[in-house]
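# Descriptive structure summary
Residues per chain are reported as follows:
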Amino acid sequence: MSHGPRSGLAAVSSALLAMSRHLEVRDVLKTIVASARELLDAEYAALGVPDDHGGFAQFVVDGVSEEQWKAIGPLPRQHGILAAMLHEARAERLADVRKDPRFEGWPKAHPDLVDFLGLPIRDGDEVIGALFLANKLRPGAGPAPCPEPDGGCGFTQDDEELLGILAQHAAIALTNARLYERSRELTIAEERSRLAHELHDAVSQKLFSLRLTAQAAARLVDRDPSRAKGELQQVAVLAAEAADELRAAVVELRPAALDEDGLVATLRTQIQVLDRAHSARVTFAGHGVKALPASQEEALLRVAQEALHNALRHSGADHVDVTLDRRGAGAVLRVTDDGSGFDTRAVRHAGRHLGLVSMRDRASGAGGTLTVESVPGKGTVIEMEVPGG
């Protein structure tokens, strides 16, 4: 191995401890990749978690800048060497990956990989990921094709064994993180179910009383106006109580991610998921936005979700861009797509079908404004501004 026995043991220990500290799947993946790259002195490292459709549900890299990653383009598919690791569940150690008959090339902006070491991450018989390194760093030489005439490569058998140990612990860490996230999802679902039952019971009772009181008032209007007035006052009280019940429930049902991660991180995470799930390119940028009142953050999130749904499901867009920028004490959200667009005048009365009425209601309810610009064949821009607090 590239480290001496004492320093190597310390490095392995640090890597394993780092993996065990995280519970979020994405954080675990990043830690595994960074630890593997540092531990085995590689220029690049990556970890892919396969999906059921020939691609990757998640793909994390280390050693590639954010600008390079954006230029590379869509996530890789399960083909070539990656497919072999996933489907045959075996290690791959190559002197020059470009000379392997399974090599199928890479995008123009992709870094040049030479020597390669990859291992499947297994949970029992299931392959839950593929971890690989490229370009072993040679002191003073940097990454270069392996010079050995016997076909040896930069990565050694010791490296492969060390990566195997890391992969075994990565499987444990990844499985634990998945179980944690699943447990949290179930807890949230159970809590929402409880709130739904409470909301149904409380508001149903209030509305039932409201209806009976209104009927009594209607019967008394002609023969006993004074009593009718009292009943109508009670209607107002019951209506206010029902509104309070609904308001309290909405506060409790505020998206958990907003409270835990904030608006910018929540939007970024959701948009990354949409970018992987759809053929359209979905991007996000947030600049200088500070914490906003809870009602405004939730309204911005819901409007973004509705606008993204419309763009990805109905517009045929190739690219959807979401930005969230600071404006004074508040913020402005902009969702832009290059889809089919529509005539805003023609859909004004049918706006409910496009979610426009809902978005306008959310914006005004949070003290903000919503504007929609669209032209048939020229895409759509939805902008929402909130004042802050």
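Below, the structure is looked at part by part. Values in this document were obtained by computation on a predicted structure and should not be read as measured data. (Residues numbered from 1 in each chain as written. Predicted model: local features only at pLDDT ≥ 70, side-chain atom pairs only at ≥ 80, totals over all residues. Heavy atoms only, no water.)

Glancing now at unusual backbone geometry. Positioned with a positive phi, Asp-41 is a non-glycine residue whose angle comes to about 55°. Inspection of the secondary structure puts Asp-41 in the loop between helix H2 (25-39) and strand E1 (42-50). (Helix = DSSP H or I, 4+ residues; strand = E, 2+ residues; numbered from the N terminus.)

The biggest cluster of nonpolar side chains holds 35 residues, and the ones touching the most others in it are Leu-267, Leu-324 and Leu-333. Listed by contribution, the elements that provide at least two residues to this core are helix H8 (263-277), strand E6 (281-287), helix H9 (294-314), strand E7 (319-327), strand E8 (330-337), helix H10 (356-365), strand E9 (369-374) and strand E10 (380-386). Take this core: its biggest share by element is 9 residues, from H9. In this structure Leu-267 touches Phe-284, Leu-301, Ala-304, Leu-324 and Leu-333, once residues within four positions along its chain are discounted. Counting residues in hydrophobic clusters, the runner-up holds 29 residues, among them Leu-39, Ala-42, Ala-45 and Leu-47. (Core = buried A, V, L, I, M, F, W, Y, C linked by side-chain atoms within 4.5 Å. Buried < 20%, exposed > 50% of the residue type's maximum accessible area, 1.4 Å probe, protein only. Contact = heavy atoms within 4.5 Å.)

Below, the discussion takes up the sheet that holds E7. The strand order across the open sheet built from 5 strands is E6-E7-E8-E10-E9, with neighbouring strands paired in mixed fashion. Two strands close off the open sheet at either side, each with one partner strand: E6 and E9. Sheet twist, expressed as the average angle between the axes of neighbouring strands with direction ignored, equals 10°. Here H10 sits on the sheet and contacts E9 and E10; the angle it forms with E9, its principal contact strand, is near 150°. (Pairing = 2+ DSSP bridges. Axes fitted to C-alpha atoms, helices over the stretch in contact; angles between N-to-C directions.)

Next up on the list: helix H4 (residues 80-88). The buried count for H4 comes to 7 of 9 residues, which makes it a mostly enclosed element. Turning to H4, its buried residues are Gly-80, Ile-81, Leu-82, Ala-83, Ala-84, Met-85 and Leu-86. On its buried face, H4 is in contact with E1, strand E2 (56-62), strand E3 (92-94), strand E4 (116-123) and strand E5 (126-136). Backbone geometry just after H4 places Ala-89 at a positive phi near 50°.

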